[in-house]
Amino acid sequence: MTNPSWTPSHRRLTDSLRVAAAPACACVLALGGLAVWTASGNAGSPPRIDVTDARLFLPAPGVPRTAAFFRISNTGGVRDRLVEVTSSAVTGRISLSRHRMTGRGSAYPQAAESLPVPAGGTLDMSPFTSDVTVPATARWRAGDLVPFTLRFERGGRVEANAVVVRPGEG
């Protein structure tokens, strides 16, 4: 049985729409925020970082700097960034660099604040992509192991030993 005294007046419809608008707007804002959060790479499983194939080029006599290369895998669901590399076996500042190609097929290093490690992907450093620029130490010999600590924005610190190799051999 219906209530004959209730009729859908203009005022009742307007009041009902106002009451329903607040939760609807809250839902739209929440879904928009979640979409932005997910699109910016903040959703998913945390980064799981693994460092392999670490190598350090044997410095040429008289050359003050050399390069270290790492293969960094991220099996997590969120991208990460390599933000710092340190070593107890190195005196001086260690820096990150990207390599930019010139028009003649050669590359030049460019300082980088960080290097990206994609979610579910790999940062594979090489003389053509990116490296860790290291002050040279004359006491290193081919086959030596040099300890490094790689610090990631989300993944924390990872220890790795780089083997000293002659350029072109590793």
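Naming follows an unreviewed UniProt entry, where the protein chain appears as Copper chaperone PCu(A)C of Streptomyces endocoffeicus.

1. Digging into the environment of Gly155
Residue position: Gly155 is located in the loop between strand E9 (145-152) and strand E10 (156-165). Accessibility expressed as a relative area gives 31% for Gly155, which makes it partly exposed. The spatial distance from the C-alpha of Gly155 to the C-alpha of Arg79 is 9.5 Å, given a sequence separation of 76 residues. If sequence neighbours within four positions are ignored, Gly155 has contacts with Pro47, Ile49 and Asp80.

2. Considerations on the pattern of salt bridges
All chains considered together, the criterion is met by three salt bridges. Here Arg81 makes a salt bridge to Glu153, at a shortest N to O gap of 2.9 Å. One end of the pair, Arg81, is in strand E3 (residues 80-86); the other, Glu153, is in the loop between E9 and E10, and 72 residues separate them in sequence. Residue classification places Arg81 among the partly exposed residues on the basis of a relative accessible area of 32%.

3. Considering the pairing of E3
In terms of strand pairing, E3 meets strand E6 (residues 115-117) through three bridges, oriented antiparallel. Residue pairing across strands places Asp80 opposite Val117, the latter belonging to E6.

4. Some details on the side chain of Arg55
By secondary structure assignment, the location of Arg55 is in strand E1 (residues 49-57). One buried charged residue, Arg55, forms no salt bridge at all, with the nearest opposite charge on Asp124 at 5.5 Å.

5. What to know about the environment of Pro127
Within the fold, Pro127 resides in the loop between strand E7 (121-124) and strand E8 (130-135). In this structure Pro127 comes out as partly exposed when scored by relative accessible area, which is 33%. A C-alpha to C-alpha distance of 9.5 Å links Pro127 and Tyr108, two positions 19 residues apart in sequence. In contact with Pro127, other than residues within four places in its own chain, are Phe57, Phe69 and His99.

6. Here's the deal with the side chain of Thr149
Summarising the element assignment, Thr149 is placed in strand E9. Judged by its relative accessible area of 15%, Thr149 is buried. In terms of polar contacts, Thr149 uses its side chain to reach the side chain of Glu159, at 2.9 Å. Setting aside chain neighbours within four positions, we find Thr149 in contact with Glu84, Val85, Thr86, Arg157, Val158 and Glu159.

7. Some points on the nonpolar core
Membership of the largest hydrophobic core comes to 33 residues, with the highest contact counts inside it found for Phe70, Ile72, Phe148 and Leu150. Within the residue set of this core, elements represented by two or more residues are E1, strand E2 (65-74), E3, E6, E8, E9 and E10. Apart from the residues within four sequence positions on either side, Phe148 is in contact with Leu56, Ala68, Phe70, Val85, Thr86, Ser87, Ile94, Val134, Val158, Glu159, Ala160 and Ala162.

8. Some details on the packing of aromatic side chains
For any pair of aromatic rings, the description consists of the separation of the ring centres together with the inter-plane angle of the planes. This structure, assessed with the given rule, holds two aromatic pairs. Measuring from centroid to centroid gives 5.5 Å for Phe70 and Phe148, while their planes differ by 80°, and the two rings are edge-to-face. In this pair, Phe70 is assigned in strand E2 and Phe148 in strand E9, connecting sequence segments 78 residues apart. With a relative accessible area of 1%, Phe148 lands in the buried category.

What counts, and where the lines are drawn
- Residues numbered from 1 in each chain as written.
- Predicted model: local features only at pLDDT ≥ 70, side-chain atom pairs only at ≥ 80, totals over all residues.
- Heavy atoms only, no water.
- Helix = DSSP H or I, 4+ residues; strand = E, 2+ residues; numbered from the N terminus.
- Buried < 20%, exposed > 50% of the residue type's maximum accessible area, 1.4 Å probe, protein only.
- Contact = heavy atoms within 4.5 Å.
- Salt bridge = Lys/Arg side-chain N within 4 Å of Asp/Glu carboxyl O.
- Pairing = 2+ DSSP bridges.
- Lys, Arg positive; Asp, Glu negative; His and termini not counted.
- Polar contact = N/O pair within 3.5 Å; in protein donor to acceptor, adjacent residues only side chain to side chain.
- Core = buried A, V, L, I, M, F, W, Y, C linked by side-chain atoms within 4.5 Å.
- Phe/Tyr/Trp six-rings, centres within 6.5 Å; stacked < 30°, edge-to-face > 60°.

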